[in-house]
Amino acid sequence: MMVGKRHSGSRGQAGPAAVPLYGFEPPVGTPYGLEVSTVEDFFVQHDDWPWNPPRPGRATFHYLIGVTEGELLHDVDHVTRTVGPGQWLWVRPGHAQCWHPPGAARGTFILFEPDVLRPDLARLLAPLTTHEAPAVLSPHPDDTAWLQQTALQLLDEHRALGRRPLDVHHALRRSLLESLLLRLANSPGIVPVAAPTAGTGRADRYGRFLDALELHFRELHQAADYAELLGCSVRTLSRTARQATGKGVRELIDERRLLEARRLLGGARWDARTVAVHLGFTDPANFGRFFRDRTGLTPAAFAASEAPTHP
């Protein structure tokens, strides 16, 4: 199964600063950036990884798990999430995640690369695929059975490789996946995407910038880095960012690094030196100035303010 091979490179890495990034490497013969399995099969086939001991990691692809029985615990961005029957766990590209032992959890396990989705569907699904979307989705009760049945149909079609021509097989898989995601988009708390406008092309570029930022904000900190990734000029990328947000590219990069610093210093309880290394600062003092200039607090003072209090 693809997960064992994908994560084999993380063996021997230790410490909270080591959060490796993994690409999509499915088993030989799995077509077109989409794999479907079950939670139980995943854990049976990998009883020594990655929960023994737990190790954090990030991926360039989506993890989507629909729980049908039991409870699944999963850390997303250093917060432990509990996913019960009828709920869905969605780990987007770039999120830090860490597995827990499965217990009695059962359900469908879907992994897919962003470009599996057709561009028009990707735009409609933007509220779900954005990094800020909820990690745990609780669909409307009227949708629960339909979602589970569609996930099972997707699993059946995935296992039917060779039963029909490859292009038909993949078209069916993608259609089932997109149908499932579109129904998930009706979950409470998900805001529908706005109607397309004349600036859709710029919006697409900005969306691709956000995707790249989520994957690389720890190591890439200049506008030129992202312009090169997106195949455009720094001026074009800067104009796109300002039209979308009123902010410059560097400001958006710094905001994302600051958000991660807050999460790690607060909820995850990392020390400032480790956070500095994790976010690509060559000197902890530079990180301290970066954090203080934007929050008015030193990293240590912020961590103390976020520490739980006991009566």
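Residues numbered from 1 in each chain as written. Predicted model: local features only at pLDDT ≥ 70, side-chain atom pairs only at ≥ 80, totals over all residues. Heavy atoms only, no water.

1. Remarks on the overall build of the chain
Reasoning step 1: The secondary structure content of the chain amounts to 13 helices and ten strands.
Reasoning step 2: Relative to its full complement of 311 residues, the chain shows a buried share of 46%.
Reasoning step 3: Pairs at least 24 apart in sequence give 72% of the contacts found in the chain among residues at least 6 apart. (Helix = DSSP H or I, 4+ residues; strand = E, 2+ residues; numbered from the N terminus. Buried < 20%, exposed > 50% of the residue type's maximum accessible area, 1.4 Å probe, protein only. Contact = heavy atoms within 4.5 Å.)

2. So, the pattern of salt bridges
Reasoning step 1: Inspection of the entire model under this criterion finds 13 salt bridges.
Reasoning step 2: Notably, a salt bridge pairs Arg 163 with Asp 156, separated by 4.0 Å at the nearest N-O pair.
Reasoning step 3: The class of Arg 163 is exposed, set by a relative accessible area of 52%.
Reasoning step 4: Between Lys 247 and Glu 255 there is a salt bridge; the shortest N-O distance is 2.7 Å. (Salt bridge = Lys/Arg side-chain N within 4 Å of Asp/Glu carboxyl O.)

3. A closer look at the sheet that holds strand S4 (residues 62-69)
Reasoning step 1: On the basis of which strands lie adjacent, the open sheet formed by five strands has the order S2-S9-S4-S7-S10 and antiparallel pairing. Of all strands in the sheet, those bounded by a partner on one side alone are strand S2 (34-38) and strand S10 (136-137).
Reasoning step 2: With two bridges joining them, strand S7 (residues 88-91) and S10 adopt antiparallel strand pairing. In the sheet register, Trp 88 faces S10, and the bridge partner there is Leu 137.
Reasoning step 3: Across the sheet, helix H5 (residues 141-158) lies against S2, S4, S7 and strand S9 (106-112), angled at about 115° from S2, the strand it touches most. (Pairing = 2+ DSSP bridges. Axes fitted to C-alpha atoms, helices over the stretch in contact; angles between N-to-C directions.)

4. Considering the sheet that holds strand S8 (residues 97-99)
Reasoning step 1: The three strands are arranged S6-S5-S8 in an open sheet whose pairing can be described as antiparallel. The open sheet terminates on both sides in strands that have one partner only, identified here as strand S6 (79-83) and S8. Mean inter-strand twist for the sheet, computed between neighbouring axes without regard to direction, equals 30°.

5. What to know about the environment of Gly 84
Reasoning step 1: Along the chain, the position of Gly 84 falls in the loop between S6 and S7.
Reasoning step 2: Separated by 22 residues in the primary sequence, Gly 84 and Arg 106 place their C-alpha atoms 9.8 Å from one another.
Reasoning step 3: When residues no more than four places from it in sequence are discounted, the contact partners of Gly 84 are Val 67, Gly 70 and Glu 71.

6. Examining unusual backbone geometry
Reasoning step 1: In the Ramachandran plot, Asp 77 falls in the positive-phi region, its phi being about 50° despite a non-glycine side chain.
Reasoning step 2: Mapped onto the fold, Asp 77 is located in the loop between strand S5 (72-76) and S6.

7. A closer look at the pairing of S2
Reasoning step 1: A large share of S2 lies buried, amounting to five of its five residues.
Reasoning step 2: The two faces of S2 match: Leu 34, Val 36 and Thr 38 on one face and Glu 35 and Ser 37 on the other face are all buried.
Reasoning step 3: Relative to S9, S2 is paired through five bridges, and the arrangement is antiparallel. For Ser 37, the partnering residue across the bridge sits in S9 and is Phe 109.

8. Description of the packing of aromatic side chains
Describing an aromatic ring pair means giving the distance of the ring centres and the angle of the ring planes.
Reasoning step 1: If you walk through the whole model with that rule in mind, you get 14 aromatic pairs.
Reasoning step 2: Between the aromatic rings of Tyr 206 and Phe 209, the centroid separation amounts to 6.2 Å while the plane-to-plane angle is 40°, which identifies the pairing as tilted. Of the two residues, Tyr 206 and Phe 209 are both situated in helix H7 (residues 200-216); the distance of three residues between them amounts to about one turn of the helix.
Reasoning step 3: Its relative accessible area of 17% is what places Tyr 206 among the buried residues.
Reasoning step 4: Over the ring of Phe 290 we find Arg 257, and its NZ or CZ is 5.6 Å from the ring centre. (Phe/Tyr/Trp six-rings, centres within 6.5 Å; stacked < 30°, edge-to-face > 60°. Lys NZ or Arg CZ within 6 Å of the ring centre and 35° of its normal.)

9. Here's the deal with helix H12 (residues 284-295)
Reasoning step 1: Helix length check: H12 (twelve residues) gives 16 Å between terminal C-alpha atoms against 16 Å at 1.5 Å per residue, within 8%.
Reasoning step 2: Among all positions of H12, only Phe 287, Gly 288, Phe 290 and Phe 291 are buried. Here the buried residues of H12 occupy an arc of 165° about the axis, which is enough to place them on one side.
Reasoning step 3: The inward-facing, buried residues of H12 contact helix H10 (249-265), helix H11 (272-278) and helix H13 (299-306).
Reasoning step 4: For H12, the side-chain oxygen to backbone nitrogen distance between the N-cap and Ala 285 is 2.9 Å, and the N-cap itself is Asp 283.
Reasoning step 5: Gly 296 lies just past H12 and shows a positive phi near 80°. (Expected span 1.5 Å × (residues − 1). Arc of directions from axis to C-beta. Polar contact = N/O pair within 3.5 Å; in protein donor to acceptor, adjacent residues only side chain to side chain.)

10. What to know about the packing of H10 against H12
Reasoning step 1: Where H10 meets H12, the closest approach of the two axes is 11 Å, and the angle between their N-to-C directions is 100°. When the interaxial angle is binned, H10 and H12 end up roughly perpendicular. Of H12, the residues touching H10 (which contributes Asp 254, Arg 257, Leu 258, Ala 261, Arg 262 and Leu 265) are Phe 287, Phe 290, Phe 291, Arg 294 and Thr 295.
Reasoning step 2: Residue classes in the contact of H10 with H12 are distributed as six nonpolar, one polar and four charged. (Parallel < 35°, antiparallel > 145°, perpendicular 65-115°, else oblique. Nonpolar A, V, L, I, M, F, W, Y, C, P; charged D, E, K, R; others polar.)

11. A look at the packing of H5 against helix H6 (residues 166-184)
Helix-helix packing is described using two parameters, namely the angle between the two axes and the distance between the axes.
Reasoning step 1: Put simply, H5 and H6 touch, their axes get as near as 9 Å, and they point 160° apart. In terms of orientation, H5 lies roughly antiparallel with respect to H6. Of the two possible hands of crossing, H5 and H6 adopt the one that is left-handed. Only His 169, Leu 172, Arg 173, Leu 176, Leu 177, Ser 179, Leu 180, Arg 183 and Leu 184 of H6 make contact with H5, whose side of the interface consists of Asp 143, Trp 146, Leu 147, Thr 150, Ala 151, Gln 153, Leu 154, Glu 157 and His 158.
Reasoning step 2: Its residues placed into classes, the contact of H5 with H6 shows nine nonpolar, five polar and four charged. (Left-handed = near helix turned anticlockwise from the far one by under 90°.)

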